[in-house]
Amino acid sequence: MKRVLVQYRVKPDRVVENEALVRAVYDELVTTRPAGIRYATFRLEDGVSFAHLSETDTSDGANPLSALAAFKRFQTAISERCDEQPIVTELQEIGSFRMFE
């Protein structure tokens, strides 16, 4: 099982575009319902920063998001949308309460 936090800040004029791309990922997740993934995205208080939290548990270790067309579109030109590039942090759980049920 792998848990990852991705954080980044988009340019103020690209927030709406970024949110639309993220929502498209969720639309595809609902349609395809891939096994082995839990995923959440948050817009932070400053209105331009985002955090994505994922948990993957697949037999081959692959992240099902990578196979989604909508996720590929989201990743396209992300460096151009961002003021601060994505930082990927693998999380090591110390404890949780109903977070990953």
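In case you missed it, the structure is sitting above this.
A short tour of the structure in this document, coming up. (Residues numbered from 1 in each chain as written. Predicted model: local features only at pLDDT ≥ 70, side-chain atom pairs only at ≥ 80, totals over all residues. Heavy atoms only, no water.)

## Focus: the overall build of the protein
For the record, the criterion: Runs of H or I in DSSP of at least four residues are treated as helices and runs of E of at least two as strands, each being numbered from the N terminus. Here the globule rule is a power law, 2.2 Å times the number of residues to the power 0.38, and the radius of gyration is based on C-alpha atoms. Each residue's exposure class comes from its accessible area (1.4 Å probe, protein chains only) as a fraction of the maximum for that residue type: buried when under 20%, exposed when over 50%, partly exposed otherwise. Whether two residues are in contact is decided by their heavy atoms, any of which lying within 4.5 Å being enough. Accessible surface is estimated by sampling points in the Shrake-Rupley manner with a 1.4 Å probe; for residues, cover comes only from the protein chains shown. His is not counted here, nor are the chain ends, while Lys and Arg score as positive and Asp and Glu score as negative. Note on charges: their place is set at NZ of Lys, CZ of Arg, CG of Asp or CD of Glu.
In terms of helices and strands, the protein carries three helices and four strands. On C-alpha atoms alone, the protein measures out to a radius of gyration of 14 Å, which is about the 13 Å that the 2.2 N^0.38 rule sets for 101 residues. Across its three principal axes, the protein shows a C-alpha extent of roughly 40 × 30 × 20 Å. Residue burial in the protein is summarised as follows: out of 101 residues, 34% are buried. In the protein, the share of contacts with a sequence separation of at least 24, taken over all contacts with a separation of at least 6, comes to 70%. Of the roughly 6,700 Å² of accessible surface on the protein, a fraction of 52% belongs to carbon and sulfur atoms. For the protein, the centre of its 13 positive side-chain charges and the centre of its 16 negative side-chain charges are spaced 3 Å apart.

## Points about the sheet that holds strand 3 (residues 49-56)
Put simply, the test is: Paired strands, as defined in this entry, are two strands with at least two bridges between them according to DSSP. Every angle, taken between N-to-C directions, lies between 0 and 180 degrees, and every axis is a line fitted to C-alpha atoms, over only the stretch in contact when it is a helix.
Ordered by their spatial adjacency, four strands build an open sheet running 2-3-1-4, and the pairing between neighbours is antiparallel. Single-partner strands in this sheet number two, and they are strand 2 (37-43) and strand 4 (82-91). The average undirected angle you get between the axes of adjacent strands in this sheet is 10°. As judged from the seven bridges shared by strand 2 and strand 3, these two strands associate in the antiparallel manner. By the bridge assignment, Tyr39 is partnered in strand 3 with Ser54. On top of the sheet, helix 1 (residues 15-32) reaches strand 1 (2-10), strand 2 and strand 3; it is set at about 160° to strand 2, its chief contact.

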